[in-house]
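# Structural overview
Here is how the chains run, residue by residue.
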Amino acid sequence: MHVPKLTRGLVAAFALTLSLVGGQAVAAPAADTDRASAADTASAARVVTYDASGSAEFRSAVDRGAAIWNEVVDAVELRPSAAGQRANIRVLADNGWPRAITTSLGNGTVYIGRQAVDQGYDTIRISSHELGHILGLPDRKPGPCSSLMSGSTAGISCTNPYPNAAEKAEVEGNFGGAFAPTAGAVPLNVMLVD
């Protein structure tokens, strides 16, 4: 999550605290309150939880892939699920090829397949790429290493786990940012094998 959103929230909380501690609180004019409320709602990230308990040896790669998305987008935040909490995303390790099964935007199952890892593909790039599918991004093959969603077509030497500017903007739009979802968004209830 970017610092400006956190700063705005802290400033608002501090101002409210000061007004309450300093004596009588004075209500802001209704129009200003409505505008502030709408701005806070618009800037709030949608939290999407993930359960990586079944990701075996790829757990740290999954956590890093989620952290990368959190670094680069504001409209959604990926968080590990709490014990006993049903997660939006289940992440599993298996011996097949990496893939994602989307059930709806921000929901589905990711498989970190050992077949691609055994062939030399980077585990963090795989994780970030598959999470990208759950966030609404389709494959963009063939493609260069600078495109996260180019997947395996960038080759085993590609270790870039970061989405490019267009991919970031598309995820922002998918989760209520300033951009509308594009026509190339991932269809739901399908398996995307990379």
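These lines cover the structure that appears in this document, whether it is placed above or below. Model, not experiment: these values are computed from the prediction.

The next point concerns the state of the cysteines. On inspection of all chains with the given rule, the structure shows 1 disulfide. For Cys 145, the disulfide goes to Cys 158, at an S-S distance of 2.0 Å. Its torsion about the S-S bond being 85°, the disulfide of Cys 145 and Cys 158 is classed as right-handed. Of this pair, Cys 145 sits in the loop between α5 (123–134) and α6 (165–174) while Cys 158 sits in the loop between α5 and α6, and the two are 13 residues apart along the sequence. Among the residues examined, Cys 145 registers a relative accessible area of 29% and is labelled partly exposed. Residue classification places Cys 158 among the buried residues on the basis of a relative accessible area of 3%.

This paragraph deals with the nonpolar core. General note: in soluble globular proteins, nonpolar side chains tend to be found buried as a group. Among the nonpolar cores identified, the biggest contains 30 residues, and Trp 69, Leu 78, Ile 89, Val 110 and Val 171 are the most heavily contacted of them. Looking at this core, the elements with two or more residues in it are β1 (46–54), α3 (59–72), β2 (76–80), β3 (89–94), β5 (107–113) and α5. When neighbours within four sequence positions are excluded, Trp 69 is seen to be in contact with Leu 78, Ser 128, Leu 131, Gly 132, Leu 135, Leu 137, Leu 148, Pro 163 and Val 171.

What counts as what
Residues numbered from 1 in each chain as written. Predicted model: local features only at pLDDT ≥ 70, side-chain atom pairs only at ≥ 80, totals over all residues. Heavy atoms only, no water. Disulfide = S-S within 2.5 Å. Helix = DSSP H or I, 4+ residues; strand = E, 2+ residues; numbered from the N terminus. Buried < 20%, exposed > 50% of the residue type's maximum accessible area, 1.4 Å probe, protein only. Core = buried A, V, L, I, M, F, W, Y, C linked by side-chain atoms within 4.5 Å. Contact = heavy atoms within 4.5 Å.

Purely spatial values, then, with no claim about function.
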